[in-house]
Amino acid sequence: MNHTATESARGEPGQPGALRFDWRREEIAALFELPFNDLLFRAQQVHREHFDPNEVQVSTLLSIKTGGCPEDCGYCPQSVHHETAVEPEKLMDVEAVVEAARAARRAGASRFCMGAAWRNPRGKAFDRVVEMVERVREEGLETCMTLGMLDDAQAARLAEAGLDYYNHNLDTSPEFYGEIITTRTYQDRLDTLSRVRDAGINVCCGGIVGMGEGRADRVSLLEQLASQQPHPDSVPVNMLVRVEGTPLDTAETLDPFEFVRTLAVARILMPASHVRLSAGREQMSDELQALCFMAGANSIFYGEKLLTTDNPDADHDRRLFERLGLRPV
Ligand code: SAM
Ligand code: DTB
Ligand code: SF4
């Protein structure tokens, strides 16, 4: 990971484009309320101060341990609390993961993200994921893991193995959180995030919209994310993928323009972070995705699958990039 490049993009305090960590709820709500064109214009200005607006970072996901998760996240097809079509699988072998990473690199991904349906990693399984980090790095890819909660020693060991990013989402506002998850607290999540940061691993942290939350919850989630110091390096904004058998299968569809607004506000609040247009692209038109890029989204998950649900295929994304003159990096 090139720390210098990330840091130099951050702006100096007092200079135009300096980063703020004290965004107030009313200010964030006022951004959401701007006329759509004004909001997108502002987001684009901010985006161009920190990034090449025609570059999109691409990461490929792999579920290294699928299903059977003891947590009760209401959106998640991998929870044992919900009856879904996901069949639980054991932790993958290191060689199979390395093979998948090679294929992702050949297809053009720069980062390989490995996800496990765990509350937290334990014992020999943790040793194996550490080996996965070491081996995937050797393939010339950036590495990312999402394994649930970590303790200090685990965060340190992943850092030592050379892990570039750790994904751990806040998912929603502190106010709405209890409607979605009861088996771990908001504070548990904040604690894991500070352990990851303290270990020197880049933080990937965002949430999900379209779970029946109100705009005030989206404002509050973004307030939480933008008050982290430093801002998360990568901010995934997921549109809920409604999966049969999960309690959120029947959640009402969110107005797509509200999704675009959420991305634009995230871009304005966290100008130097990669804002990731994450889950939900398979259900979006190309035109809606183009609006998301105009709003300042500059990274995506690339490849046929997210963890257990479908993502647009790589050929489709390559064509979309060509049509929009976007460069995958
Ligand atoms: N078990 C680990 C954890 O929750 O920290 C890591 C894997 S978990 C599947 C990673 C993230 O995927 C969740 O935090 C959530 O934001 C997102 N996610 C899971 N199911 C989703 C869905 N149906 N739609 C959108 N995002 C989803
Ligand atoms: C994130 O915020 N979104 C990705 C990644 N981090 C791990 C996962 C999306 C999962 C969507 C549901 C599924 O495929 O199981
Ligand atoms: Fe488990 Fe993660 Fe799914 Fe929650 S989101 S049920 S922790 S796999």
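Look above for the structure.
Residues numbered from 1 in each chain as written. Chains lettered and ligands numbered in written order. Predicted model: local features only at pLDDT ≥ 70, side-chain atom pairs only at ≥ 80, totals over all residues. Heavy atoms only, no water.

**Considerations on the pairing of strand 8 (residues 274-277)**
One ladder, built from four bridges, connects strand 7 (residues 234-239) with strand 8; its direction is parallel. Among the inter-strand pairings, Ser234 is bridged to a residue of strand 8, identified as His274. With helix 9 (residues 256-269) bridging strand 7 and the parallel strand 8, this β-α-β connection has right-handed handedness. Where strand 8 lies against strand 9 (residues 299-301), two bridges are found, and the strand directions are parallel. Counted as the bridge partner of Leu277 is Ile300 from strand 9. Regarding the hand of the β-α-β motif, the stretch spanning strand 8, helix 10 (residues 286-294) and strand 9 is right-handed. (Pairing = 2+ DSSP bridges. Helix = DSSP H or I, 4+ residues; strand = E, 2+ residues; numbered from the N terminus. Right-handed = clockwise from strand over helix to strand, strands pointing away.)

**Some thoughts on the site of ligand 3**
By nearness alone, every residue bordering ligand 3 is listed as Cys69, Glu71, Cys73, Tyr75, Cys76, Ser79, Ala117, Trp118 and Arg184. Looking at the shell around ligand 3 residue by residue, the class counts come to six nonpolar, one polar and two charged. (Near = heavy atom within 4 Å. Nonpolar A, V, L, I, M, F, W, Y, C, P; charged D, E, K, R; others polar.)

**Here's the deal with the pairing of strand 2 (residues 111-116)**
Of all six residues making up strand 2, six are buried, and the element is well covered by its neighbours. Relative to strand 2, strand 1 (residues 55-65) is paired through six bridges, and the arrangement is parallel. Bridge assignment links Lys65 to a residue of strand 2, and that residue is Ala116. Viewed along the sheet, the connection from strand 1 through helix 4 (residues 94-107) into strand 2 turns out right-handed. Where strand 2 and strand 3 (residues 142-146) come together, five bridges link them in parallel fashion. Considered in strand 3, the bridge of Met114 is made with Met145. Once you follow strand 2 into helix 5 (residues 123-138) and on to strand 3, the crossover reads as right-handed. (Buried < 20%, exposed > 50% of the residue type's maximum accessible area, 1.4 Å probe, protein only.)

**A few points about the pattern of salt bridges**
Taken as a whole, this structure holds 26 salt bridges when the rule is applied. Put simply, Lys305 and Asp310 hold a salt bridge, and the shortest N to O gap is 3.2 Å. A salt bridge links Arg318 to Asp315, with the nearest nitrogen and oxygen atoms 2.7 Å apart. On the criterion of helical spacing, the pair formed by Arg318 and Asp315 is a turn pair, its members being three residues apart in helix 11 (residues 314-324). Put simply, Arg20, Asp22, Arg24, Glu26 and Glu27 are held in one network by salt bridges that share partners. (Salt bridge = Lys/Arg side-chain N within 4 Å of Asp/Glu carboxyl O.)

**A word on the nonpolar core**
Grouped together as the largest cluster of nonpolar side chains are 91 residues, with contacts concentrated most on Ile64, Tyr75, Met145, Leu158 and Phe259. Ranked by the residues each element gives to this core, the list is headed by helix 9, at eight residues. The next biggest cluster of nonpolar side chains, apart from the first, holds nine residues, and it includes Leu61, Val243, Ala279 and Leu306. (Core = buried A, V, L, I, M, F, W, Y, C linked by side-chain atoms within 4.5 Å.)

**A few points about the packing of aromatic side chains**
In this structure the tally under the stated criterion is two aromatic pairs. Ring centres of Phe36 and Phe257 lie 5.4 Å apart, and the angle between their planes is 65°; on these two criteria the pair is classed as edge-to-face. Placement of the pair is Phe36 in helix 3 (residues 36-50) and Phe257 in helix 9, with a sequence separation of 221 residues. Ring plane angle 85° and centroid distance 5.3 Å describe the contact between Tyr177 and Tyr186, whose orientation is recorded as edge-to-face. Grouping residues by exposure puts Tyr177 and Tyr186 together as buried. The ring centre of Trp23 lies 4.1 Å from the NZ or CZ of Arg20, which sits over that ring. (Phe/Tyr/Trp six-rings, centres within 6.5 Å; stacked < 30°, edge-to-face > 60°. Lys NZ or Arg CZ within 6 Å of the ring centre and 35° of its normal.)

**Digging into the state of the cysteines**
Disulfide: a covalent bond formed between the sulfur atoms of two cysteine residues. Tallied over the entire structure, the rule returns zero disulfides. Free of any disulfide, Cys144 has its nearest neighbouring cysteine sulfur in Cys113, separated by 3.8 Å. The exposure class of Cys144 is buried, given its relative accessible area of 5%. (Disulfide = S-S within 2.5 Å.)

So yeah, pure geometry; function would need other evidence.
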